[in-house]
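# Geometric and topological summary
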Amino acid sequence: MALPDGRFANRSVLFQPDGSIASSYDKIHLFDATLPGLRDYRESATYAGGDSAVVSDAPGFRLGFTICYDVRFPALHRALAEAGAEVLAVPAAFTKPTGEAHWHVLLRARAIETGCFVLAAAQAGTHENGRQTYGHSMIIDPWGRILAELDGATPGVAVADIDLAAVAEARGKVPSLANARPFSLSVNQAGASLLAKGFPSP
Amino acid sequence: MRSGTQPGPNLAELDRLAGEAAAAGAAYALSPEVTVVFAENRDGLAAVAGPW
């Protein structure tokens with residue numbers, strides 16, 4: 001979606017069966033990084049980041065929106081769960097290297113810590129411009145179990161039954177959402193001064 | 001999906017896969033990021049950006 005400032009919105013849209021738009025979400029977290037030995041990557045040069053998380057009614061459940069790199073920001077997922085999301089959508093285009101290293105563990109962690117189903121749809125294989133994406137679209141239950149998974153090369157469809165009782169069951173077994181507490185933070189620099197004096201010795 | 005740089009073929013593939021999901025009983029379907037266009041750069045995105 002083109003924006004007035006010349007950039008674009010990386011937007012996820014929830015369509016109703018009749019084609020009307022029920023809800024939409026603009027990707028909040030943008031990948032801006034200087035990669036050692038590689039070119040700088042500035043997603044924010046092309047896209048404007050959104051500033052609003054979204055939970056929406058979907059067929060039979062409440063859906064929390066995220067997009068790709070958002071999966072690395074647990075606070076967003078927690079906020080969605082606390083706002084009533086039972087299912088988290090993660091449309092993605094992970095690169096092959098980052099996918100191999102992080103894809104499964106990030107998705108399973110977001111499911112476990114929120115007690116939500118995670119639906120992750122991923123670009124897969126070698127694209128016409130030569131870029132490679134990791135694939136492995138998957139459906140994960142609130143206990144972190146992978147219910148369905150595609151491979152890394154072949155486009156296809158992963159389907160699973162979503163039993164929302166699993167949300168309450170997981171959150172009942174490990175009520176980390178309910179048990180969260182506010183806390184203060186202290187940074188004690190005494191240890192650093194000891195190290196500067198050479199103590200303890202290596 | 002394995003989206004390319006042109007929306008037409010990508011949307012046709014989305015239609016095929018969504019139909020496959022519906023035939024398997026899906027009531028909700030999610031497609032990947034950049035389903036509509038896997039642009040190489042900003043110019044490629046600008047060329048096809050629209051109210052998809």
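For the structure, check the block above.
This report concerns the structure included in the present document.

Thresholds, definitions, all that
- Residues numbered from 1 in each chain as written.
- Chains lettered and ligands numbered in written order.
- Predicted model: local features only at pLDDT ≥ 70, side-chain atom pairs only at ≥ 80, totals over all residues.
- Buried ≥ 20, exposed ≤ 12 C-beta atoms within 10 Å, placed from the backbone.
- Helix = DSSP H or I, 4+ residues; strand = E, 2+ residues; numbered from the N terminus.
- Arc of directions from axis to C-beta.
- Contact = placed C-beta atoms within 7 Å.
- Nonpolar A, V, L, I, M, F, W, Y, C, P; charged D, E, K, R; others polar.
- Expected span 1.5 Å × (residues − 1).
- Bend = angle between axes of the 7 residues up to and from the residue.
- Pairing = 2+ DSSP bridges.

This next bit is on helix 2 (residues 74-82) of chain A. Along an α-helix, residues three or four positions apart point the same way, because every turn accommodates 3.6 residues. Residue and element names in this part refer to chain A. His77, Leu80 and Ala81 are the residues of helix 2 that are buried. On an axial view of helix 2, the arc spanned by its buried residues comes to 100°, and they lie on one face. Looking at the buried residues of helix 2, the elements they touch are strand 5 (55-58), strand 6 (61-65), strand 7 (87-92), helix 3 (96-114) and helix 5 (176-179). Immediately downstream of helix 2, the backbone of Gly84 shows phi near 110°, a positive value.

Bringing the interface of chain B and chain A into the picture now. The accessible area lost on association of the parts is a frequent measure of interface size. Contacts between the two partners involve 23 residues from chain B and, on the opposite side, 25 residues from chain A. For the side of chain B that touches chain A, the secondary structure elements donating two or more residues are helix 1 (7-23) and helix 2 (42-48) of chain B. The biggest single contributor to the side of chain B that touches chain A is helix 1 of chain B, with 3 residues. Its residues placed into classes, the side of chain B that touches chain A shows 13 nonpolar, 5 polar and 5 charged.

In this section: helix 3 of chain A. All names here are of chain A. Between its first and last C-alpha, helix 3 extends 26 Å over 19 residues, near the 27 Å set by a 1.5 Å rise per residue. Bending of helix 3 peaks at approximately 55° at the position of His102. Within helix 3, burial applies to Gly99, Trp103, Leu106, Leu107, Arg110, Ala111 and Thr114. Those residues of helix 3 that are buried are in contact with helix 2, strand 7, strand 8 (117-122), strand 10 (132-134) and strand 11 (138-140). Where helix 3 terminates, the next one or two residues include Gly115, which has phi positive at roughly 65°.

With that out of the way, let us pick up the pairing of strand 1 (residues 11-15) of chain A. Residue and element names in this part refer to chain A. Relative to strand 2 (residues 21-26), strand 1 is paired through 5 bridges, and the arrangement is antiparallel. Each residue of the ladder has a partner; that of Leu14, found in strand 2, is Ser23. Hairpin connection between strand 1 and strand 2: a loop of 5 residues separates the two successive antiparallel strands, and Gly19 in this loop has a positive phi of roughly 95°.

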